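# An overview of the molecular structure
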Amino acid sequence: MRPICVASRFHPVGQGLFYSAHFCSGTDRRFTYVFDCGTLSKQAWLAREIKGLGVPLNGDRIDLLCISHFDRDHVSGVRRILADHGTRVIVMPYMSLAERLALAVEDDAADDYLEFLIDPAGALVGAEGDSTQVIFIAAGPDPSDPPSTDRDDPDRHSNEGDNYSFEPDLPEGDPSSEADSPLSSPQLKGRIRICTHDQPINLRGLWEFVFYNENRPDVNLTHLEKQILALIAKHKDARGKFQSADFLPQVRKLYESTFGTGGRNANRISLVLFSGPQGRRQLDWRRHHPFEIECYWCLAERLHCLHPDDQVHARGHLIAGSLLTGDIFFDKPGAVLAAQRHFTRRRWNRIETLQVPHHGSSHSWHSGAADLFSHSVSVVSAASTNRKHPGKLVIEDLDATWLVRVDEHRGHSTFGWI
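Here goes a summary of the coordinates provided. Worth saying up front: this structure is predicted, and the values here are computed from it rather than measured.

Now for the overall build of the protein. Within the protein, the regular secondary structure consists of 13 helices and 18 strands. Expressed as a percentage of its 418 residues, the buried residues of the protein come to 58%. For the protein, the share of sequence-separated contacts (at least 6 apart) that also reach a separation of at least 24 residues comes to 79%. With an accessible surface of roughly 17300 Å², the protein has 49% of that area assigned to carbon and sulfur atoms.

In structure tokens:
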């Protein structure tokens, strides 16, 4: 069987996060997924990387676009990447309307960002077209009942010879969730679903995508949400156009009456993604591309990715996976252990690359957290001018791993075959 090339990249976008990965065999691109696409730095840096993604896509759409959460430095480029390349499936964390609007209050959101927070699926699918599916991932069963598709079942492989199929198996979801008006738009009818995080996405037994939406203390936001919906209706004109001039100040008053002055961070949500080979499949990582492997992505993208400032990981033969954390808080041992139980120790031991939470912030990490992992590469995505990220505590704790800083100048790429 022809080997499948797996190529991934943390893109240099400054203070933000943009990650992409590709699977291909022969000269055809087979599957591409993206995790987050945003920055607080120059949007031109993000635009440069989004444009460069067109080479491996070769005119096709992104297959899977995952958004960890709705902070601007993780989503500022999402509309652009959809306009330029499109996607088949968007995966986002389930958040109540009240939780999403907490971000707007904290950030004094501009109109375009505010409209996205009010109706994230409608805003994105409106830019893409009529066929995109949207999956919201909600917290699910207790970690003692973890996702159960971690197996190497030959019957799930639809590949014969070199004719690989990378059509993802998507979770069923809950059709009744379309009644959740804050997540629904007319153009999304029949294409939106809410799934719990115990339902992975897999590529026919080759690769799996397992999500984790941390269970948090239950807060009753029903009354607050009704008041916000009333405000939204009040600020729409006869054409349905949203008029937001005094909307945020009124929302802020609602939050202060609910949570008290000084506020409280009602949003600690960040969808975590484990991405790795399914079952016992192994990867062979190489420093350079062997030209006898006729892989379109490798040949076409070689000069784009392998420039002198890049760090390319060479590890030999290993079982590799990545944990993309967004801005989750691993500030207590219990938070890390809950994620570990959810993903299962078998997957946890396959993590080779860890995206360090929250750009390496010490507030999102605790001393000794590194001992709860067995990974080799720690990636911090932060602008070169940022003096707080990564924090001293994080640097010292991850000292035994290869700590890679991705900024506006330097990316981080890995290449391998299964």
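To continue, consider the pattern of salt bridges. The full count for this structure, using the stated rule, is six salt bridges. Note that Glu49 is salt-bridged to Arg48, the shortest N-O span being 2.9 Å. Exposure remark for Glu49: the relative accessible area of 4% places this residue in the buried category. For Arg48, a relative accessible area of 37% puts it in the partly exposed group. Of the charged contacts in the structure, one is a salt bridge between Lys392 and Glu396, with a shortest N-O distance of 4.0 Å. Remark: Glu396 and Lys392 occur in helix α13 (residues 392–397); sequence separation between them is four residues, near one turn of the helix. Each of Asp60, Asp63 and Arg88 takes part in salt bridges that share partners, so that together they form one network.

Core analysis: the largest hydrophobic core is formed by 51 residues, its most contacted members being Phe18, Ile81, Met92, Leu101, Ile228, Phe247 and Tyr255. It is helix α5 (residues 97–107) that contributes the most residues to this core, seven residues altogether. In this structure Ile81 touches Phe18, Val34, Cys37, Ile50, Leu53, Ile62 and Gly86, once residues within four positions along its chain are discounted. Listed in part, the 32 residues of the second largest apolar core include Val6, Cys66, Ile201 and Val377.

What follows concerns the sheet that holds strand β9 (residues 207–212). Read from one edge of the open sheet, seven strands run β8-β9-β10-β14-β15-β16-β17, paired in mixed fashion. Each of the sheet's edge strands pairs with one partner strand only, and the pair in question is β8 (201–202) and β17 (402–406). Across the face of the sheet, helix α11 (residues 333–343) comes into contact with β9, β10 (272–277) and β14 (321–324) while running at roughly 140° to β9.

Two elements in contact, α5 and helix α6 (residues 111–118), have axes separated by 9 Å at closest approach and are oriented at 165°. It follows from the interaxial angle that α5 and α6 lie roughly antiparallel. Remark: the crossing between α5 and α6 carries right-handed chirality. From α5, Leu97, Arg100, Leu101, Leu103, Ala104 and Asp107 reach across to α6, where they touch Tyr113, Leu114, Leu117 and Ile118. When the residues that make up the contact of α5 with α6 are grouped by side-chain class, the tally is eight nonpolar, no polar and two charged.

With respect to burial, α5 is a largely interior element, nine of its eleven residues being buried. Buried within α5 are the following residues: Leu97, Ala98, Glu99, Arg100, Leu101, Ala102, Leu103, Ala104 and Val105. Two residues or fewer after α5 comes Asp108, characterised by a positive phi angle close to 45°.

Reading the values: rules and limits
Residues numbered from 1 in each chain as written. Predicted model: local features only at pLDDT ≥ 70, side-chain atom pairs only at ≥ 80, totals over all residues. Heavy atoms only, no water. Helix = DSSP H or I, 4+ residues; strand = E, 2+ residues; numbered from the N terminus. Buried < 20%, exposed > 50% of the residue type's maximum accessible area, 1.4 Å probe, protein only. Contact = heavy atoms within 4.5 Å. Areas by Shrake-Rupley, 256 points an atom, 1.4 Å probe, with all protein chains shown as cover. Salt bridge = Lys/Arg side-chain N within 4 Å of Asp/Glu carboxyl O. Core = buried A, V, L, I, M, F, W, Y, C linked by side-chain atoms within 4.5 Å. Pairing = 2+ DSSP bridges. Axes fitted to C-alpha atoms, helices over the stretch in contact; angles between N-to-C directions. Parallel < 35°, antiparallel > 145°, perpendicular 65-115°, else oblique. Left-handed = near helix turned anticlockwise from the far one by under 90°. Nonpolar A, V, L, I, M, F, W, Y, C, P; charged D, E, K, R; others polar.

What is shown is where atoms sit, not what they do.
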